Amino acid sequence: IHFRPLILLITLLFSASSSAEINLIFGLYTSDKPTTMVTKFRPFINTLEAQMTEKLKQPVHIKMQISSNYNDGVKALTSGAVDFSRLGPASYITAKNINPDLQLLAIEAKKGKKRFNGIIAVHENSPITKPEQLIGKRFAFGSEQSTIGRYLSQTYLADHNIFATDLAQFDYLGRHDAVGASVAAGRYDAGALKESTFNKLRSKGALLREIARFPNVTKPWVAKAGLDDKIIQILSALLIESNEANALYKNSLSKNGFLKGTDSDYDIIRKSMNDKRFLNTTQLDD
């Protein structure tokens, strides 16, 4: 009879631990304005919280942490300051090189595929109609760590025999929207940005015109090293299984859901990041 209080205490402790809150941090970096990113991601994260709570039978709370640049976003994940992140392809490769134990959760889909386009744009009234006419012009790139904004666009230019020394000027402006706005304002003759930002700016009246496009791999969602296996499995399953029948799909970032992915999906990005042709004639110091 003396064991009954002990059994009751153990039962209460077990019940308390099983209902303990799970607190996670989701990491992003500012590829667009921070306010735009909060508006875009918070409804999705709220839905993910609710579905994880149901699956785990424990309250799940997910805080968003938005880093001000690509490097800080990578550092937050590789150091374990955030639990999972949405990265660009180049940032994923950089992060994986720093911490090989990062785990790929899922890859965003675009119309059911893992590929979408980067755009080289000019002002709508520009006489430029093809990449070869960019010689002697001013070019705007995004971040120096951007997949589209730097690596793939520089590979594309090099494939068309345009190198750093052929341009009158080139600068890294940090964000896709900054590139589009600067080209539309005439501060640069051309620039590289993602297709969705190009379309968004155009819909708002920006005077932009496409002269070229090139393929890119969609963004990976990545878990930090050492995140609980059960949480990883549920996160991955919820992302990949999202479809028209559930709320997560309805709050999806692009109404396209997610796909299973492997590290090898990003081999074309690795190749581009190792492509030094654009800067091979003169390594500029500034």
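Scroll up to find the structure.
Residues numbered from 1 in each chain as written. Predicted model: local features only at pLDDT ≥ 70, side-chain atom pairs only at ≥ 80, totals over all residues. Heavy atoms only, no water.

### Things to note about the pattern of salt bridges
Quick reminder of the rule: The working definition used for a salt bridge is a side-chain nitrogen of Lys or Arg within 4 Å of a carboxyl oxygen of Asp or Glu. Helix and strand labels come from DSSP, where a helix needs a run of H or I of at least four residues and a strand needs a run of E of at least two; each type is numbered from the N terminus. Throughout, exposure labels follow a simple rule: accessible area from a 1.4 Å probe, protein chains only, divided by the maximum for the residue type, with under 20% read as buried, over 50% as exposed, and the rest as partly exposed.
Under the definition given, this model contains 13 salt bridges. Between Asp83 and Lys224 there is a salt bridge, and its shortest N-O distance comes to 3.0 Å. Remark: Lys224 occurs in the loop between strand 10 (220-223) and helix 8 (229-241) and Asp83 occurs in the loop between helix 3 (70-78) and strand 3 (84-86); sequence separation between them is 141 residues. Assessed through its relative accessible area of 17%, Lys224 is described here as buried. One salt bridge in this structure joins Glu210 and Arg213, with 2.8 Å as the shortest N-O distance. On the accessibility criterion, Arg213 (38% relative accessible area) is partly exposed. Look at the salt bridges and you will find they share partners, linking Asp159, Asp275 and Arg277 into a network.

### Regarding the packing of aromatic side chains
For clarity, the cut-off: Each aromatic pair joins two rings of Phe, Tyr and Trp (for Trp, the six-membered one) with centres within 6.5 Å, and gets the label stacked for planes under 30 degrees apart, edge-to-face for over 60, and tilted for any other angle. Whether a charge sits over a ring comes down to the Lys NZ or Arg CZ being within 6 Å of the ring centre and within 35 degrees of the ring normal.
Counting across every chain of the model gives 16 aromatic pairs. Ring plane angle 90° and centroid distance 6.1 Å describe the contact between Phe170 and Tyr172, whose orientation is recorded as edge-to-face. Judged by its relative accessible area of 15%, Phe170 is buried. Taking relative accessible area as the criterion, Tyr172 reaches 25% and is therefore assigned partly exposed. Put simply, the rings of Phe26, Phe41, Phe44, Phe84, Trp221 and Phe258 touch in pairs and so form one group of aromatic residues. Here the guanidinium or amino end of Lys110 rests over the ring plane of Phe116, the centre of that ring lying 5.6 Å away.

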